[in-house]
There are 6 protein chains.
Amino acid sequence: MTSAQKTGLVVTAHPGDFVWRAAGAISLHVQKGYRVKIVCLAYGERGESQWAWKKPGVAMADVKRQRHDESAQAAQILGAEIEFFDAGDYPLRLSEEMLYRLVDIYREVQPSFVLTHASADPYNGDHPEASRFAQEARVIAQAAGHKPDPSRAYSAPPVFLFEPHQPEQCEFRPNVILNIDPVWELKRKAFEVLAAQKHLWEYYTRVALNRGLQGSRNSGRPMTYAEAYQRVFPDVVEELR
Amino acid sequence: MTSAQKTGLVVTAHPGDFVWRAAGAISLHVQKGYRVKIVCLAYGERGESQWAWKKPGVAMADVKRQRHDESAQAAQILGAEIEFFDAGDYPLRLSEEMLYRLVDIYREVQPSFVLTHASADPYNGDHPEASRFAQEARVIAQAAGHKPDPSRAYSAPPVFLFEPHQPEQCEFRPNVILNIDPVWELKRKAFEVLAAQKHLWEYYTRVALNRGLQGSRNSGRPMTYAEAYQRVFPDVVEELR
Amino acid sequence: MTSAQKTGLVVTAHPGDFVWRAAGAISLHVQKGYRVKIVCLAYGERGESQWAWKKPGVAMADVKRQRHDESAQAAQILGAEIEFFDAGDYPLRLSEEMLYRLVDIYREVQPSFVLTHASADPYNGDHPEASRFAQEARVIAQAAGHKPDPSRAYSAPPVFLFEPHQPEQCEFRPNVILNIDPVWELKRKAFEVLAAQKHLWEYYTRVALNRGLQGSRNSGRPMTYAEAYQRVFPDVVEELR
Amino acid sequence: MTSAQKTGLVVTAHPGDFVWRAAGAISLHVQKGYRVKIVCLAYGERGESQWAWKKPGVAMADVKRQRHDESAQAAQILGAEIEFFDAGDYPLRLSEEMLYRLVDIYREVQPSFVLTHASADPYNGDHPEASRFAQEARVIAQAAGHKPDPSRAYSAPPVFLFEPHQPEQCEFRPNVILNIDPVWELKRKAFEVLAAQKHLWEYYTRVALNRGLQGSRNSGRPMTYAEAYQRVFPDVVEELR
Amino acid sequence: MTSAQKTGLVVTAHPGDFVWRAAGAISLHVQKGYRVKIVCLAYGERGESQWAWKKPGVAMADVKRQRHDESAQAAQILGAEIEFFDAGDYPLRLSEEMLYRLVDIYREVQPSFVLTHASADPYNGDHPEASRFAQEARVIAQAAGHKPDPSRAYSAPPVFLFEPHQPEQCEFRPNVILNIDPVWELKRKAFEVLAAQKHLWEYYTRVALNRGLQGSRNSGRPMTYAEAYQRVFPDVVEELR
Amino acid sequence: MTSAQKTGLVVTAHPGDFVWRAAGAISLHVQKGYRVKIVCLAYGERGESQWAWKKPGVAMADVKRQRHDESAQAAQILGAEIEFFDAGDYPLRLSEEMLYRLVDIYREVQPSFVLTHASADPYNGDHPEASRFAQEARVIAQAAGHKPDPSRAYSAPPVFLFEPHQPEQCEFRPNVILNIDPVWELKRKAFEVLAAQKHLWEYYTRVALNRGLQGSRNSGRPMTYAEAYQRVFPDVVEELR
C-alpha cells in the first residue's frame, strides 16, 4: 500500500450486515484499487444465528467461531480486511476501549468513505447503536487534541448509511444508488457463505435487482444490480450532475 | 391459565402512567380473558408525588410504600398482575439486571401485545427511557441465543405506545383508537385510587371523552370513551377495514 | 347484490397502478364476497405507454383503446368492475364534473375501504393528484347538504394508500401489510395482461415477495406474497392485536 | 377607530371554525381594545349543517340564511365584525375576485395578527384551502406593486394557525398557548348560539380545559381555559421568556 | 452547439432568484462549456420591485421593462440565455400554454440538470408554485406520448433546489454544496446589476461565504464561496465519495 | 441580588459555543438586569483547540488552562458568571455527580430561561449530549422529592436551543429571533478573546447580520444583528403578537 491508495471503512453490528447491505460497495471499491477494512462489532451469536441454536447443547464459543469463520470467508471473497471486536450482541455493548480502538483504526486507515447502519431500527437496537458508535469515533478521530501529533492533519470522511431490512420503518431515505453490476457475482458468492440463511439470499438478490431498476430509472443509464445508501453530510462538488 | 390464554404486557415508568394512559386497554383485555401483566419501573417517588413531599419530614421509604400500595390497588381493580422494579425516578436508571429480568418476563408471559411510553417526551426523560428499555428487552427476548432452548420459538409482539400528557410535544401520532366503553367505570375507579391527583381525574376523563368522539367520527360507530395508541410496527392483516 | 354486501373502491391514475399496486387487495376482497369497483382516471396513454408510441404513425385513439382493453381485461381477471374517466394523463386534469361523478360513485358503492395513491410522488404528478381527488370526493360524499336525502346517512370510509414505485422518495410509510397468498396467481395473471411491460412483472413480483417476508417477520405467521399500504386515518378497534 | 387601534383578522372556512377554535382569542383581543374582523369564507351549508338537512324539503338558501344568522350572532357576542364570502363549501371554491377582496381587507385592517386554519386536514379539504388562501392574500397585500400607493408601506403580520378537530392527524404542533380565562364565559356563550351542535359544546369545553392545564404546566402560572395555536413565522423578540 | 454540448436549465419565479440563488452554478457551468438557459416566469414587477413603486405615477409596463432589462443584463454577464414568460407575480399564475412551452424547452435543451425553487416558502407563494411547475413540465417532457417522435428518447434530468431566503422556514435541507470560487466575481457583478437592492448584495455575499466555509469543513478542501442545493432525486453513482 | 432579580442559565459543551451562539442573549439580559450563569461542561481541549496542538509538546493541562482563561475573560466581558465542569471533550462524558451539581445550580439560580445546544448534530456528538444533560437536570430540579424542601416550589423554565454551526444538518428550526443590536459590540469583543479562531469571528458576524435581516423582515422593525433560537416548549401568552 502506498500513501496514495484510497481506502474505505465499514462498521457493522453483525456479520450478515456487511454481506447483505454493503458487499457490493466493498468489492466494487476493492476492484477499483481501494483498501477496504471491515470492523465487525459482534458475531451476531445470540440474535442472528437461529439455526445454530437449534442444535441442542451447542456452546456460545462454537456459535461465535462459526460466525467468525463465515465472516472472514465472506470478507476474503470481497477482497477486504476484517477485524472483530467481539462486543456481544442483543444487546451490543460497546466499551470506551473499543471506541478508542475504532478511533485508532480511523486514523490508521484514513478512509475516503465510511459505511455503517441507519440511525433508527425498531427491529434491532444493535444497528443504531453501531451507527452512533461509528459516527462518534469519526468525530474523535479528527480532534487534534486526541493523541496529538502536530505533524499530521485529519479530516472527517463522508458517511453513507446502508440499507436496513425494512427501510421505511427505519426512516431510511436513500439518496445515493450505487451501481454494483461489475461485482454482482462476488456479492452473490458472499451471500452463499451464509449457508444457513438461504431465504435471505433471495430476499437481498431481489433488493439488489429492484434498486438496480430504480438506479436505471433515475439516471437513464442501463443497470441491473444496485445498493442504496443514505449520505449523511452534504456532497461537496465542483459540478452538478 | 392454559397455554391458549392470550396475554398482554404493560411497561410503565411510574404508577400514574398505566392508570391514566392504559387502564382502559388493561381492563378491557382482562374482561376478554387475557392475562395482563404490568411492569412498573419506578414508584414515581421523587417526581410524581408532589403532595407527599409537602408533609415535612416524610421519608423516601414512606413515599415509595404509599405509591406501591396505590399501584397495587389500581392494578387489582383492573384485574392485572403488577411487578415493581424500584429503579428510581427522576432520573430512571435501569440496570442490565433489570433488562434481563424484563427479558425473562417477555418469555414467560409471551404477550400478544406490549404497551409502553412514546419515544419522546421533553417534559419527562423517564418516559422515553422506559420505552427504549421495553423495546430493547422485546428484541432480546426473541433472540434464539439468549438462554437458548431449542424446544421453543419466540416471536416479537406488536408494540403500542400510549398517549403522553401533551401528545403533540412528544411527537405522538395516534393511529389506533381503542373503544373502552365496556370498562370505563373501572378505569375511572382506578383514577380514584390516586387520591392526591384529583385534577388529573378530570383531565384524563376529558381525554377519554375526546378520544371517544374521535373514535366515533373515524369509524361511524357510536362510542363514548376511548384510548389512543400509536402502533410502532406494521399491522399484518388478512382483510382491509 | 344485497345491501349487506361489503364493497371496496379503488381510485387509480393509470391502468398499471391498480395492477401493480393493488391487484392483490382487489381480488382478495372479491374472493371474500366484496363488490370492488375501480375508477381509472386516465389511460396512461401519453406517459405510461412508451412501447405503443414506438410504432410510427400510431394515433392517440388507438393507444387509448389498447390501454382500455388491457385494463378491462385485468379488472375482469380480478373480478372487479371498472369505470374510465378518460381525464388525460401527463398531466392528469380532473374537472368538477368528474369530481361529482366520483362523489356519486362513493354514494352508490358505499365502500368499506378506499385504495388510492400516496400523497407525494416527485416522479409522477398524476399520482398525488389522483390521491387528492379521491380524498376530496370522499369528504364531499358524506356531506349531508350535497344532494340532500334525509332518509340516508353517509359515513366516510378508511383510506389506504398503495405502494408507489419508489416508496422512500414518495414519503410512503407502510403501516399495513396485507397477505395476498390466496390470490397471488390472479395478481400475476393480471400482470401478464400488460404484455409490453415485462420488466415490471418481475419488479412487482419481487416487491410482493419482499413485502411477504416482511409480513411474515412482523406477524410471526407464514406468508409468501403481500402488498403494503399506508392507512391514512386511525384504526378504530375493540381489541389490540 | 384611531390609527393607533390594534387590529386582528380571522379567516375561517366555516362558521363553526371561528367559534370552536378562535372565539377566545377574538373576544380577548376585543376586550383589550383591538378591532377584530372575521372573514367567513363559506356558510358550511353542505358539509357542516347535518341537522338542517334532516328536515325534508329544506332549501339551500334557508340553510345558508340560518348559518349566516348564527354566525353574525356569535360574532356579535364576541364583539367582532364579520364578512361573508359565500364561496360554497364541500368543496370550498375561492375565486380570484375573492382573493383580491381579501387583499383589500388586509390593507384596510392592517392586522397585528392573522388567525386561520392548519395547513393539513385529511378530514376536511376546505380547511387547508382556507389557510392557503389566507396566506396567499397576506403576501400579495404587502406587495408594493399591487394597487401601488407610494405614500404607504405595508408589512406582513404574524400568522397563527388555530387548533383543528383532530390535531395530530393535521400535523398541528401547537407552540403558543393563549390564556382565555378572562373571556371564557363569552366563548361558551358563542358556543350556545350553535344550538344544533350541543355535542361539540362539550367537546370544545374539554379542549379548552385541557389546553388550560397544559398552559398552566408550561408556564407555572394558574390558568383554567386556553386555546392552542401554531405560530408560522419566527417570533421576533427583545427579551427571552 | 454540437449535440455533445452539455446543457443546464434554470426555472425561476422572479429575476432576483436566479441571481441571488443560482448565479454561481450558472456561470460555473457556462465556463465549463455548458449551454445554460434561464426561464424567468415573471418580472417580479408587483412583489419584488418596491423601490420602483416609490416613484409616483410609475406604470406597470415601465416596471416590467426595467426588470426585463436588468435580468437580461445579468444573464449576459453570466453567459446564459434567458426567456421570459411574463406570467405575472404576486400571485404567479401559470397557464397550460406556458406549461407546454416549458415542456418544449425541456425537449429542445435536454438539460443535464435543472435548477429551481424549494417546494415550500411561507413568505412567497410564487416560489413553490414555480418549483411545482418546473417539475410538472419535466415529467411531461419525458412522456413518449406527448408530441410523439419514435426516433427520439427522452430522460428526466436531476433537479436541484436552490437556497431560499430563509432556508429553515422553507424546509430546505441542503445536501449539495457547489464550490463557486472560480466564478465569484461574475456572481458579484450580476448582483450589482440589481442596483436597487444593495442590502441584498451583502446578504447574499455573506450567504456565499458561509456556505463556502461549510463546503470547506464538509470536504476538507479549501473553498471560499459556495452555493447550497437540495438534490431531489437519488444520485446514481459508480463510486462513493 | 434580591429575590426579585431575574436570571438566566446557559449550558454549553465548549467555550466557543456560548460565545458564537449565545453571547448576544447573555449580555442583553445582563444589561436588562438579569443575573446570567454559564455552565461550561468541557474546555474543548481536544476537539476545539486545533491551533494549540500545533505547538509540539504542549500538555493537556496547558491547553485546558488557556481555554479556561479565555472563557472566563469572555464571560466577564458579557457580564456573566461561569462555572466549569471539566467533563472532558470528544467525547463529553458526564457523570451522575455532574448531573446533580447542575440540578443544584438550577435550584439556586431558578432561571427564567435556559439556553443550550440543539438536539442533533452529526458533526459533534458533544453538543446533543450537552443538550440532553441540560434538559434532564431541568426536569429533576423541579421534582419535589429530590432533596425535598416543603417550603419551596420549583417550576421548570423555558428552554431555547441556540444556533448550531450548520443549522439545517442539525434539524434546527429557529422560531425565535432575538434582536441583539444593543449589545453587538460586546458580542464582537467576546469573539476577539478567542484569538486563534479569527475565521469564525467573521463567520459568526455574518450569521448575526443575516439573522438580523431576517428578524427585520419577519417583524417589520429595523434591526441589524440577531441571534436565532428554537423554543422547545409552547410559549404561554396573554396576548398574540
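The structure presented is a predicted model; accordingly, all values stated were derived computationally and were not measured.

About the thresholds
- Residues numbered from 1 in each chain as written.
- Chains lettered and ligands numbered in written order.
- Predicted model: local features only at pLDDT ≥ 70, side-chain atom pairs only at ≥ 80, totals over all residues.
- Heavy atoms only, no water.
- Helix = DSSP H or I, 4+ residues; strand = E, 2+ residues; numbered from the N terminus.
- Rg over C-alpha atoms; globule rule 2.2 N^0.38 Å.
- Contact = heavy atoms within 4.5 Å.
- Areas by Shrake-Rupley, 256 points an atom, 1.4 Å probe, with all protein chains shown as cover.
- Lys, Arg positive; Asp, Glu negative; His and termini not counted.
- Charge placed at Lys NZ, Arg CZ, Asp CG, Glu CD.
- Least-squares fit on C-alpha atoms with pLDDT ≥ 70 in both.
- pLDDT = per-residue confidence, 0-100.
- Pairing = 2+ DSSP bridges.
- Axes fitted to C-alpha atoms, helices over the stretch in contact; angles between N-to-C directions.
- Buried area = accessible area lost by both parts, 1.4 Å probe.
- Salt bridge = Lys/Arg side-chain N within 4 Å of Asp/Glu carboxyl O.
- Polar contact = N/O pair within 3.5 Å; in protein donor to acceptor, adjacent residues only side chain to side chain.
- Nonpolar A, V, L, I, M, F, W, Y, C, P; charged D, E, K, R; others polar.
- Expected span 1.5 Å × (residues − 1).
- Buried < 20%, exposed > 50% of the residue type's maximum accessible area, 1.4 Å probe, protein only.
- Phe/Tyr/Trp six-rings, centres within 6.5 Å; stacked < 30°, edge-to-face > 60°.
- Parallel < 35°, antiparallel > 145°, perpendicular 65-115°, else oblique.
- Left-handed = near helix turned anticlockwise from the far one by under 90°.
- Patch = residues over 30% accessible without salt bridge, like charges linked within 9 Å, V, L, I, M, F, W, Y side chains within 5 Å.

Within chain A, the regular secondary structure consists of seven helices and eight strands. Here the C-alpha atoms of chain A give a radius of gyration of 18 Å, agreeing with the 18 Å that 2.2 N^0.38 yields for 241 residues. Contacts spanning at least 24 positions in sequence make up 77% of the contacts within chain A whose residues lie at least 6 apart. For chain A, the accessible area works out to roughly 8500 Å², and carbon and sulfur atoms hold 49% of it. Of the charged side chains in chain A, 29 are positive and 30 negative, and the gap between their average positions amounts to 3 Å.

This brings us to the relation of the copies chain E and chain A. Mapping chain E onto chain A calls for a rotation angle of 180 degrees and an axial translation of 0.0 Å; the resulting RMSD is 0.0 Å. This pairing of chains is accounted for by a two-fold axis. Residue Asn175 of chain E of chain E places its C-alpha closer to the rotation axis than any other residue of that unit, at 4.7 Å.

What follows is about the confidence of the model for chain A. For chain A, per-residue confidence averages 96 on the pLDDT scale, and residues scoring 70 or more make up 99% of the total. The ipTM, which scores confidence in the relative placement of chains, is 0.95 for this predicted complex, and the corresponding pTM is 0.97.

Here we take up the sheet that holds strand β3 (residues 81–84) of chain F. Strand order in the open sheet made by the eight strands is β8(D)-β6(F)-β7(F)-β5(F)-β4(F)-β1(F)-β2(F)-β3(F), with mixed pairing throughout. If you trace the sheet from one side to the other, it starts and ends with β8 (235–237) of chain D together with β3 of chain F, each paired once. Strand-to-strand, the axes of this sheet are offset by a mean angle of 25 degrees, without reference to chain direction. As defined by bridge partners, strand β2 (residues 35–40) of chain F adjoins β3 of chain F across four bridges and the pair is classed as parallel. Bridge pairing in β3 of chain F places Lys37 of chain F opposite Glu81 of chain F.

Before going further, it helps to spend a moment on the relation of the copies chain E and chain D. When chain E is brought onto chain D, the operation consists of a screw motion whose angular component is 120 degrees and whose axial shift is 0.0 Å, with 0.0 Å RMSD remaining. When the rotation and shift are considered jointly, the pair of chain copies conforms to a three-fold rotation axis. For chain E, the residue whose C-alpha comes nearest the rotation axis is Ala120 of chain E, separated from it by 8.0 Å.

Taken together, the contact between chain E and chain A spans 31 residues of the former and 31 residues of the latter. Taken as a group, Val236, Glu238 and Leu240 of chain E account for 26% of the area that chain E buries against chain A, more than any other trio of residues on that side. Linking chain E with chain A are four salt bridges, by the criterion used here. Glu239 of chain A is the partner of Lys6 of chain E in a salt bridge, and the nearest nitrogen-oxygen pair spans 3.7 Å. At the boundary of chain E and chain A, one finds 21 residue pairs in polar contact (both at pLDDT 80 or more). Elements that contribute at least two residues to the side of chain E that touches chain A include exactly α1 (15–31), β4 (113–116), β6 (176–179), α7 (198–219) and β8 (235–237) of chain E. The element contributing the most residues to the side of chain E that touches chain A is β6 of chain E, with four residues. A class-by-class count of the residues in the side of chain E that touches chain A yields 17 nonpolar, six polar and eight charged. The pairing of strand β8 (residues 235–237) of chain A with β6 of chain E spans three bridges and is parallel. Counterpart to Val237 of chain A in the pairing with β6 of chain E is Leu178 of chain E.

Now for the interface of chain E and chain D. At the interface, 15 residues of chain E touch 17 residues of chain D. Taken together, both faces of the contact between chain E and chain D bury some 1300 Å²; the carbon and sulfur share is 59%. For the interface between chain E and chain D, the tally reads two salt bridges. Note that Glu96 of chain D and Arg93 of chain E form a salt bridge whose closest N and O atoms lie 2.7 Å from each other. Counting across the chain E and chain D interface gives six residue pairs in polar contact (both at pLDDT 80 or more). Of the residues contributing to the side of chain E that touches chain D, the split by class is seven nonpolar, four polar and four charged.

What follows covers the arrangement of the chains. Here chain A and chain D are not in contact; the least distance found between their C-alpha atoms is 18 Å. In this view chain B stays clear of chain E, with the nearest C-alpha atoms of the two still 18 Å from each other.

This part takes up the environment of Glu185 of chain A. Here Glu185 of chain A is to be found in helix α6 (residues 184–193). Sequence separation between Glu185 of chain A and Gly24 of chain A is 161 residues; the distance between their C-alpha atoms is 9.3 Å.

Moving on: helix α4 (residues 96–109) of chain E. Residue and element names in this part refer to chain E. Spanning 14 residues, α4 covers 20 Å between terminal C-alpha atoms, matching the ideal 20 Å at 1.5 Å per step. Residues of α4 that are buried: Met98, Leu99, Leu102, Val103, Ile105, Tyr106, Arg107 and Val109. Along its buried surface, α4 packs onto β1 (7–12), β2 (35–40), β3 (81–84), β4 and α5 (126–141). Of the residues flanking the end of α4, it is Gln110, one or two places downstream, whose phi is positive at about 45 degrees.

So, on to the sheet that holds strand β2 (residues 35–40) of chain A. Through backbone hydrogen bonds, the strands of a sheet pair up, either in parallel or in antiparallel fashion. Here eight strands make up an open sheet; going across it, the order is β3(A)-β2(A)-β1(A)-β4(A)-β5(A)-β7(A)-β6(A)-β8(E) and the pairing mixed. The sheet terminates laterally at β3 (81–84) of chain A together with β8 of chain E, the two strands that pair on one side only. Ignoring which end each strand starts from, the neighbouring axes of this sheet average 25 degrees apart. Looking at chain direction, strand β5 (residues 159–162) of chain A and strand β7 (residues 226–231) of chain A are connected through three bridges and run antiparallel. Considered in β7 of chain A, the bridge of Phe162 of chain A is made with Tyr229 of chain A.

What follows is about the packing of aromatic side chains. Residue and element names in this part refer to chain A. Applying the stated rule across the entire model yields 51 aromatic pairs over all chains. A centroid spacing of 5.3 Å and a plane angle of 20 degrees characterise the contact between Trp20 and Tyr204, whose relative ring orientation is stacked. Of this pair, Trp20 sits in helix α1 (residues 15–31) while Tyr204 sits in helix α7 (residues 198–219); the two residues are 184 residues apart in sequence, bridging distant segments of the chain. The buried category is assigned to Tyr204, whose relative accessible area is 4%.

On to the packing of helix α1 (residues 15–31) of chain C against helix α3 (residues 60–78) of chain C, then. Any two packed helices are characterised by the angle at which their axes cross and by the distance between the axes. Residues and elements named next belong to chain C. Look at α1 against α3: their axes get within 9 Å of each other, and the N-to-C directions meet at 20 degrees. As far as their axial angle goes, α3 and α1 are roughly parallel. Crossing of α1 over α3 shows right-handed handedness. Listed contacts from α3 to Pro15, Gly16, Phe18, Val19, Ala23, Ile26, Ser27 and Val30 of α1 are Arg67, Ser71, Ala74, Ala75 and Leu78. When grouped by side-chain class, the residues that make up the contact of α1 with α3 number nine nonpolar, three polar and one charged.

To continue, consider the packing of α1 of chain E against helix α6 (residues 184–193) of chain E. All names here are of chain E. Two elements in contact, α1 and α6, have axes whose closest approach is 9 Å; the angle formed by their N-to-C orientations is 135 degrees. Between α1 and α6, the angle is such that the two are oblique. Here the hand of the crossing between α1 and α6 comes out right-handed. Here Val19, Trp20, Arg21, Ala22, Ala23, Gly24, Ser27 and Gln31 of α1 come into contact with α6, specifically with Leu186, Lys187, Ala190 and Phe191. Here the residues of the contact of α1 with α6 are counted per class, giving seven nonpolar, three polar and two charged.

Taken together, the side chains of Lys32 and Arg241 of chain A together with Lys32 and Arg241 of chain E define a basic patch exposed on the protein surface. For Lys32 of chain E, a relative accessible area of 39% gives the class partly exposed.

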